[in-house]
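Here is what each chain is made of, one letter per residue.
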Amino acid sequence: MRLPTRVAIALTSGSPDLVPSALRVDPHTALVAGCRGTVAEVGSILYVGAEHFGLVRLDEQGGYRGARTNSPCAAGTGSFLDQQARRLGLSGIEELAGRALASTLPTPRISTRCAVFARTDLVHAQQAGCSIEEICDGLCRGLARTIADTLLGGEAPREPVIFAGGVALNEAVRRHLESLVGVAIV
């Protein structure tokens, strides 16, 4: 296989200046282009990353309609789940997701809008005798609820809904989002 001699590099506005001559592009434009290059059809893009989450809406022709994002707080994001995993003595977000998927009982309600409230809810769930699996599932369900409440406001996203960002690898969050939103999330 022969590699191309030239490649194009573009950075989003939030990227560090590693390649000073690189083209700067809007993060939503980059996200839409990346999803279009990966899947055949895109109706909406739900992205949840390290410190933020958002929803990009596209029209029937695939044109950009607009976007909603969370406030500049890491609560309800991948960083938030990492923090809670450490608080629970878990090895990381992968173990948290695995434990959540193993839960078979109803989940305790855990606030994910604020790390301080989440910590209080975690302590209460532990004192009430909830298992680590139930608590992890409560965290994942809470995150899904925060995302749905913040971004959708009761309006279903246009399908297919593509789930992007690091949290998209968390199957427990994806399942809870599907249940809350009522549509399949890819």
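Summary of the structure given here.

Definitions and cut-offs
- Residues numbered from 1 in each chain as written.
- Predicted model: local features only at pLDDT ≥ 70, side-chain atom pairs only at ≥ 80, totals over all residues.
- Heavy atoms only, no water.
- Helix = DSSP H or I, 4+ residues; strand = E, 2+ residues; numbered from the N terminus.
- Buried < 20%, exposed > 50% of the residue type's maximum accessible area, 1.4 Å probe, protein only.
- Areas by Shrake-Rupley, 256 points an atom, 1.4 Å probe, with all protein chains shown as cover.
- Lys, Arg positive; Asp, Glu negative; His and termini not counted.
- Charge placed at Lys NZ, Arg CZ, Asp CG, Glu CD.
- Salt bridge = Lys/Arg side-chain N within 4 Å of Asp/Glu carboxyl O.
- Polar contact = N/O pair within 3.5 Å; in protein donor to acceptor, adjacent residues only side chain to side chain.
- Pairing = 2+ DSSP bridges.
- Axes fitted to C-alpha atoms, helices over the stretch in contact; angles between N-to-C directions.
- Contact = heavy atoms within 4.5 Å.
- Expected span 1.5 Å × (residues − 1).

Brief notes about the overall build of the chain
Phase 1 of the analysis: Looking only at helices and strands, the chain features 6 helices and 6 strands.
Phase 2 of the analysis: For the chain, the N- to C-terminal ordering of α and β elements is β-β-α-β-β-β-α-α-α-α-β-α.
Phase 3 of the analysis: With respect to the principal axes defined by its C-alpha atoms, the chain has extents near 60 × 35 × 35 Å.
Phase 4 of the analysis: Put simply, the chain has 186 residues, and 42% of those count as buried.
Phase 5 of the analysis: Carbon and sulfur atoms form 54% of the exposed surface of the chain, whose accessible area is close to 10,200 Å².
Phase 6 of the analysis: For the chain, the separation between the mean place of its 18 positive charges and that of its 18 negative charges on side chains is 3 Å.

With respect to the pattern of salt bridges
Phase 1 of the analysis: Under the criterion given, the structure shown has 7 salt bridges.
Phase 2 of the analysis: A salt bridge links Asp17 to Arg24; its shortest N-O distance comes to 3.3 Å.
Phase 3 of the analysis: Arg24 sits in the partly exposed class, given a relative accessible area of 36%.
Phase 4 of the analysis: With its nearest N and O atoms 3.2 Å apart, the salt bridge here joins Glu171 to Arg175. Here Arg175 and Glu171 lie together in helix H6 (residues 171-181), a separation of 4 residues that amounts to about one turn.
Phase 5 of the analysis: By relative accessible area, Glu171 is classed as partly exposed at 25%.

Overview of the environment of Gly62
Phase 1 of the analysis: With respect to the helices and strands, the residue Gly62 is situated in the loop between strand E4 (53-58) and strand E5 (64-69).
Phase 2 of the analysis: Separated by 74 residues in the primary sequence, Gly62 and Cys136 place their C-alpha atoms 36 Å from one another.

Some details on the environment of Asp26
Phase 1 of the analysis: Its location among the elements puts Asp26 in the loop between strand E2 (23-25) and helix H1 (27-36).
Phase 2 of the analysis: Classification of Asp26 as partly exposed rests on a relative accessible area of 41%.
Phase 3 of the analysis: Residues Asp26 and Thr69, spaced 43 residues apart in sequence, show a C-alpha to C-alpha distance of 14 Å.
Phase 4 of the analysis: A distance of 3.1 Å separates the side chain of Asp26 from the backbone nitrogen of Thr29, its partner in a polar contact.

A closer look at the sheet that holds E4
Phase 1 of the analysis: Taken in spatial order, the 4 strands line up as E5-E4-E3-E6 in an open sheet, and their pairing is mixed. Sheet topology places E5 and strand E6 (161-164) at the edges, where each strand pairs with a single neighbour. Between one strand axis and the next, the sheet turns by 15° as a mean value, whatever way the strands run.
Phase 2 of the analysis: Summarising the sheet, strand E3 (residues 44-48) and E6 pair through 4 bridges and their orientation is parallel. Across the sheet, the residue bridging to Leu46 is Phe163, located in E6.
Phase 3 of the analysis: Sitting on the sheet, helix H5 (residues 132-151) touches E3, E4 and E5, and the angle it makes with E4 is about 50°.

Examining H5
Phase 1 of the analysis: With 20 residues, H5 should cover 28 Å at 1.5 Å per step; its first-to-last C-alpha distance of 29 Å lies within 8% of that length.
Phase 2 of the analysis: The buried count for H5 comes to 15 of 20 residues, which makes it a mostly enclosed element.
Phase 3 of the analysis: Just downstream of H5 lies Gly153, where phi reads positive at about 55°.

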